[in-house]
Amino acid sequence: MAAFHNLIGGEWLAGIDTALNINPSDTADIIGQYARGDAAAVDAAVQAARTAFPGWAGASPQVRHDVLEGAAARILARKDELGRLLSREEGKTLAEGIGEVMRAGQIFRFFAGEALRLTGDAVQSVRPGVEVLVEREPLGVVGLITPWNFPIAIPVWKAAPALAYGNCVILKPADLTPGCAWEIASILKDAGCPDGVFNLVMGRGSTVGARMVEHPGIDAISFTGSVATGRRIGVQCMEAGKKVQMEMGGKNPMVVLDDADLDVAVGACVNGAFFSTGQRCTASSRLIVTDGIHDAFLDRLNAATAALRVGDALDPATQIGPVVDQGQLDQNLRYVALAREEGCEVRGGETLDGPGYFQRPAIFAGATNSMRSSREEIFGPCASVIRVADYDAALATANDTEFGLSAGICTTSLKHASHFRRHAQAGMVMVNLPTAGVDYHVPFGGRKGSSHGPREQGSHAREFYTHVKTSYVAP
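Residues numbered from 1 in each chain as written. Predicted model: local features only at pLDDT ≥ 70, side-chain atom pairs only at ≥ 80, totals over all residues. Heavy atoms only, no water.

Undergrad: Sorry if this is basic, but what is going on with the overall build of the protein chain here?
TA: If you tally the helices and strands in the protein chain, you get 15 helices and 25 strands. In terms of C-alpha radius of gyration, the protein chain reaches 23 Å, essentially the compact-globule figure of 23 Å for 475 residues. Along the first, second and third principal axes, the C-alpha set of the protein chain runs to 70 × 65 × 40 Å. Within the protein chain, the proportion of its 475 residues that are buried is 57%. Here the contacts in the protein chain between residues at least 6 apart in sequence split such that 72% fall between residues at least 24 apart. Total accessible area on the protein chain stands at roughly 18,100 Å², and carbon and sulfur atoms take up 52% of it. Across the protein chain, 43 positive and 52 negative side-chain charges occur, with their mean positions spaced 4 Å apart. (Helix = DSSP H or I, 4+ residues; strand = E, 2+ residues; numbered from the N terminus. Rg over C-alpha atoms; globule rule 2.2 N^0.38 Å. Buried < 20%, exposed > 50% of the residue type's maximum accessible area, 1.4 Å probe, protein only. Contact = heavy atoms within 4.5 Å. Areas by Shrake-Rupley, 256 points an atom, 1.4 Å probe, with all protein chains shown as cover. Lys, Arg positive; Asp, Glu negative; His and termini not counted. Charge placed at Lys NZ, Arg CZ, Asp CG, Glu CD.)

Here you go:
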């Protein structure tokens, strides 16, 4: 069985033990044995990164461009192979896996360009004869803690800007999906990334992640994961004076108004709620439907959902792959039972026989916004359908949540679309589109309990990965 080691200071090093990377479509399919590091591995990675930092930060932008462009080219050339790996370890359909790999390549390519586009300002001072320069400088060593649901896109959309702007990186991927992260490390090394600039330390969050957060040699932490873990990390970083960026949960609303195109609405809701097995922080988990269209919408939603093919992620006919592991499946089933107890009519949601963790998508009909199943993030193929009287009630219900990542509306009314876009309390708003599915060159992030700190992706990423320095110069 293939063994995959951590990358520290340019060397592939074994961990204290290993973990099996298991295919959730077929638990007999073992992808490989992946190293698990410990606090000492983090310490070694920090030392390597701090040693490499002056040279990388001081390198020509062309050098950083060439490394990132080289990584982009390698990823895109191997999109089918890497997409298959992603689908084997995470459970996305093969089409989704290949699409995510292509996105990772495009992100590297975008930030290769950003390495050449980092600008500052020359400003006249209010004092005669004084010049003011506003410039950006790298933070230093950045720790990246990433989740299992986008095992190549999220590590890349954090690592690419960090590297483009002159930082050194330590990546800790999710313990469930280390394969794609290992490939990122290998690709960057092959693309000429200097030793110590990018380090990979795989392992448990309780050991590797915890040491990264507390280590005084790491200047900033970018985290994507659960709300509870994010809040703990935020407090620790604030106490230690570290810069912190967090992307956490969502309970995203999709509003369907009486005047919506029913085909568009059902298509957007099925995609947003159930594709990628509902394992997206931007998933449409609350479908808020006005009274006049509710029954027709629900009938069409039931039919479309029942027709979805659930199965092995590598089967081209599969539309919904497996849940990522037994623990996540058990959590999904607890919420299905809870929704039933709370008075919902549950349609679907049952497990399917097979060698993997298969579950039919679940519709919680007759839900209200006060139910726990409508307020807590499930992170599975489950969607509450909430009936409301009109647009005003729909907007109020959509905003009645502790989260604020993504929100959507299906309507043919320009008036309502424009009002919703302005008044939805979310970082991202979709009109006649699924709440999940975003471009790589524009900001990503939310409000309230969903996000903290500067936005990710696009040119806005520089707000987190750089310091601003203001210099005053007199002749």
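Undergrad: Sorry, what's going on with the sheet that holds strand S15 (residues 345-348) here?
TA: Across the sheet, seven strands lie side by side as S15-S18-S19-S14-S13-S21-S22; this open sheet has mixed pairing. Sheet topology places S15 and strand S22 (428-431) at the edges, where each strand pairs with a single neighbour. Going from strand to strand, the sheet's axes swing by 20 degrees on average, the running direction of each strand aside. Direction of pairing for S15 relative to strand S18 (residues 362-367): antiparallel, over a ladder of four bridges. Looking at S18, one finds that Glu345 is bridged to Ala365. Seen against the sheet, helix H11 (residues 326-341) touches S15, S18 and strand S19 (382-388) and runs at an angle of roughly 20 degrees to S18. Where helix H14 (residues 414-423) meets the sheet, its contacts fall on strand S13 (252-256), strand S21 (406-410) and S22, and the angle it forms with S21 comes to roughly 170 degrees. (Pairing = 2+ DSSP bridges. Axes fitted to C-alpha atoms, helices over the stretch in contact; angles between N-to-C directions.)

Undergrad: Sorry, what's going on with the packing of aromatic side chains here?
TA: Within a pair of aromatic rings, the relevant descriptors are the distance that separates the centres and the angle that separates the planes. All told, the structure shown has nine aromatic pairs when counted by the stated rule. Judged by centre distance (6.4 Å) and plane angle (90 degrees), the ring pair of Phe111 and Tyr165 falls under edge-to-face. With Phe111 in helix H4 (residues 94-117) and Tyr165 in the loop between helix H5 (153-164) and strand S9 (168-172), the pair connects residues that are 54 residues apart, well separated along the chain. In this arrangement the basic side chain of Lys92 is found over the ring face of Phe150, its NZ or CZ atom lying 4.0 Å from the centre. Taking NZ or CZ as reference, Arg117 lies 5.6 Å from the ring centre of Phe110, over its face. (Phe/Tyr/Trp six-rings, centres within 6.5 Å; stacked < 30°, edge-to-face > 60°. Lys NZ or Arg CZ within 6 Å of the ring centre and 35° of its normal.)

Undergrad: Looking at this structure, I do not really get the nonpolar core. What am I missing?
TA: In terms of nonpolar packing, the biggest core is built from 91 residues, with Phe108, Phe111, Leu188, Phe198, Leu200 and Ile221 touching the most fellow members. The greatest single-element share of this core, amounting to nine residues, is contributed by H5. Filtering out sequence-adjacent residues up to four positions away, Phe198 remains in contact with Leu7, Ala159, Leu163, Val169, Leu171, Ile184, Ala185, Leu188 and Cys193. (Core = buried A, V, L, I, M, F, W, Y, C linked by side-chain atoms within 4.5 Å.)

Undergrad: What is the right way to read the packing of helix H13 (residues 391-399) against H14 from this model?
TA: Packed helices, taken two at a time, are described by their axes: the angle between them and the distance between them. Between H13 and H14, the least distance of the axes is 11 Å, while the angle of their chain directions is 25 degrees. As summarised for this structure, H13 and H14 are arranged roughly parallel, according to the angle between their axes. Crossing handedness for the pair H13 and H14: right-handed. Here H13 contributes Tyr391, Leu395, Ala398 and Asn399 to the contact with H14, which in turn contributes His416, His419, Phe420 and His423. (Parallel < 35°, antiparallel > 145°, perpendicular 65-115°, else oblique. Left-handed = near helix turned anticlockwise from the far one by under 90°.)

Undergrad: What exactly am I supposed to notice about the sheet that holds strand S5 (residues 30-36) here?
TA: Sheet strands associate in pairs through backbone hydrogen bonding, adopting either a parallel or an antiparallel arrangement. Taken in spatial order, the three strands line up as S1-S5-S4 in an open sheet, and their pairing is mixed. The open sheet has two edge strands with one neighbour each: strand S1 (3-4) and strand S4 (17-22). In this structure, S1 lies alongside S5, joined through two bridges in parallel fashion. Counterpart to Ala3 in the pairing with S5 is Gln33. Sheet strands touched by helix H3 (residues 79-90): S4 and S5. Its angle to S5, the strand with the most contacts, is close to 80 degrees.

Undergrad: Quick question: what am I supposed to make of the side chain of Lys251 here?
TA: For Lys251, the location among the structural elements is in the loop between strand S12 (243-247) and S13. Here Lys251 occupies a buried position and makes no salt bridge, while the nearest side chain of opposite charge, Glu376, is found at 7.9 Å. A polar atom in the side chain of Lys251 sits 3.1 Å from the backbone oxygen of Ser373. Excluding residues that lie within four positions of it along the chain, Lys251 makes contacts with Ser285, Arg286, Ser373, Ser374, Arg375, Glu376, Glu377, Ile378, Thr401 and Phe403. (Salt bridge = Lys/Arg side-chain N within 4 Å of Asp/Glu carboxyl O. Polar contact = N/O pair within 3.5 Å; in protein donor to acceptor, adjacent residues only side chain to side chain.)

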